[in-house]
Amino acid sequence: MTTLTVSRTHYPVTALGPGNRLGVWVQGCSLACKGCMSQDTWNPMDGTKVAVDDLVRLWREAVDAGADGLTVSGGEPLQQPAALREFLVAADDVRSTAGREIDILVYTGYEQSEMDDLRWRVVAPADVVVTGRFDIARPTSLIWRGSANQRMVLRTDLGERRYADYVDHAPERPPIQVRSDAGGIWLIGVPRRGGLTGLERGLRGRGLDIEDVSWRR
Ligand code: SF4
């Protein structure tokens with residue numbers, strides 16, 4: 001049984017790709033970008049080992065519920081290549097029977113120059129891949145990207161049709177979603193530079209002190 005070590009999943013995610021999406025955050029990333037907002041996903045020994053079959057079941061439920069897409073983020077998805085590929089291939093099969101267009105978006109911290117044939121093969125079912133480390137010194141207003149060096153690579157006709165307008169799109173405010181569950185309060189989306197410290201300041205101003213945040217370890 002193949003397992004993928006996962007930090008969390010959420011549905012519906014509306015702030016990382018168009019429409020309502022299943023979000024899967026994998027656990028484990030050794031790239032250690034300064035200022036990473038998801039440092040809770042770095043340690044590969046944390047998280048939960050989830051059978052790929054169970055993730056596919058979750059995805060099928062999301063598709064049945066009307067999902068527009070799947071977003072895989074992290075952590076670094078490509079540091080679990082075999083399980084990721086198995087999941088993406090199965091997710092591709094599920095969406096192909098849905099009778100409507102459903103896209104797959106994968107985030108990776110690897111630069112395009114680091115995406116060798118093997119890595120591209122792993123993410124082959126993805127319509128769109130956002131590549132590149134988070135570089136705190138290169139802020140951006142571009143939607144769904146954390147820094148100006150990150151590239152939104154459109155790999156399929158569906159990716160072109162659905163995402164072309166977003167490649168250079170810089171909304172007034174980045175889409176951010178807040179969800180809570182037993183594991184904590186989750187910010188979903190890509191905040192702009194200063195957004196997280198501003199959030200902490202705002203909460204403190206309302207008498208709320210948050211101690212354990214994923215952007216500071
Ligand atoms: S920004 Fe992404 S690639 Fe960089 S350390 Fe964080 S999880 Fe890893």
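Scroll up a little and you will see the structure.
Small disclaimer: the values here were computed from a predicted structure and weren't measured.

> It is not clear to me how the overall build of the protein chain should be interpreted in this structure. Could you clarify?
When helices and strands are counted, the protein chain shows five helices and nine strands. When the helices and strands of the protein chain are placed in sequence order, the string is β-β-β-α-β-α-β-α-β-β-α-β-β-α. Against the 2.2 N^0.38 benchmark of 17 Å for 217 residues, the protein chain shows a C-alpha radius of gyration of 17 Å, consistent with a compact globule. Principal axes of the C-alpha set define a box for the protein chain whose edges measure 50 × 35 × 35 Å. Each of the 217 residues in the protein chain was classed as buried or not, and the buried ones make up 47%. Carbon and sulfur atoms make up 49% of the accessible area of the protein chain, which amounts to about 10,900 Å² in all. Taking the 27 positively charged and 29 negatively charged side chains of the protein chain as two groups, their mean positions are separated by 5 Å.

> Honestly, helix 1 (residues 52-64) in this entry has me stumped. Any pointers?
Residues spaced three or four apart along an α-helix point in a common direction, a consequence of the helix completing one turn every 3.6 residues. Between its terminal C-alpha atoms helix 1 stretches 18 Å, which fits the 18 Å expected from 13 residues at 1.5 Å a residue. Three or more residues of helix 1 are buried, namely Val 52, Leu 55, Val 56, Trp 59, Ala 62 and Val 63. Each buried residue of helix 1 lies within a common arc of 115 degrees when the element is viewed along its axis, so the set occupies one face. Exposed residues pointing more than 90 degrees away from the buried face of helix 1 are listed as Asp 53 and Asp 64. In this structure, the buried side of helix 1 is in contact with strand 1 (3-13), strand 2 (21-26), strand 3 (48-51), strand 4 (69-73) and helix 2 (81-96). Looking one or two places after helix 1, you find Gly 66, whose phi comes out positive at around 105 degrees.

> What's the story with the site of the ligand in this structure? I'm lost.
Around the ligand, the neighbouring residues are Cys 29, Leu 31, Ala 32, Cys 33, Cys 36, Trp 42, Gly 75, Gly 109 and Phe 134. Counted by class, the shell around the ligand contains seven nonpolar, two polar and no charged residues.

> Mind showing me how you'd approach unusual backbone geometry here?
Residues apart from glycine generally show negative phi values, whereas peptide bonds are mostly found in trans. The peptide bond linking Tyr 11 to Pro 12 adopts the cis configuration, its omega dihedral lying at -5 degrees. Inspection of the secondary structure assignment puts Pro 12 in strand 1. The step from Gly 74 to Gly 75 runs through a cis peptide bond, and the omega angle for that step is 10 degrees. Of note, Gly 75 is situated in the loop between strand 4 and helix 2. A positive phi angle, close to 50 degrees, is found at Ala 32, a residue other than glycine.

> Explain the pattern of salt bridges to me, please; I cannot follow it from the model alone.
Two side chains carrying opposite charge are able to pair once their charged atoms lie near each other. Enumeration according to the criterion identifies eight salt bridges in this entry. Measuring nitrogen to oxygen at the nearest pair gives 2.0 Å for the salt bridge that ties Glu 101 to Arg 161. One end of the pair, Glu 101, is in the loop between helix 2 and strand 5 (103-107); the other, Arg 161, is in helix 4 (residues 157-163), and 60 residues separate them in sequence. Judged by relative accessible area, which is 40%, Glu 101 ranks as partly exposed. Among the residues examined, Arg 161 registers a relative accessible area of 52% and is labelled exposed. Residue Arg 162 pairs with Asp 103 through a salt bridge whose shortest N-O separation is 2.8 Å. Here Arg 162 is found in helix 4, whereas its partner Asp 103 is found in strand 5, with 59 residues between them in sequence. Given a relative accessible area of 0%, Asp 103 falls into the buried group. Through salt bridges with shared partners, one network takes in Arg 21, Asp 103 and Arg 162.

Rules behind the numbers
- Residues numbered from 1 in each chain as written.
- Predicted model: local features only at pLDDT ≥ 70, side-chain atom pairs only at ≥ 80, totals over all residues.
- Heavy atoms only, no water.
- Helix = DSSP H or I, 4+ residues; strand = E, 2+ residues; numbered from the N terminus.
- Rg over C-alpha atoms; globule rule 2.2 N^0.38 Å.
- Buried < 20%, exposed > 50% of the residue type's maximum accessible area, 1.4 Å probe, protein only.
- Areas by Shrake-Rupley, 256 points an atom, 1.4 Å probe, with all protein chains shown as cover.
- Lys, Arg positive; Asp, Glu negative; His and termini not counted.
- Charge placed at Lys NZ, Arg CZ, Asp CG, Glu CD.
- Expected span 1.5 Å × (residues − 1).
- Arc of directions from axis to C-beta.
- Contact = heavy atoms within 4.5 Å.
- Near = heavy atom within 4 Å.
- Nonpolar A, V, L, I, M, F, W, Y, C, P; charged D, E, K, R; others polar.
- Salt bridge = Lys/Arg side-chain N within 4 Å of Asp/Glu carboxyl O.

Any link to function would need more than the numbers given here.
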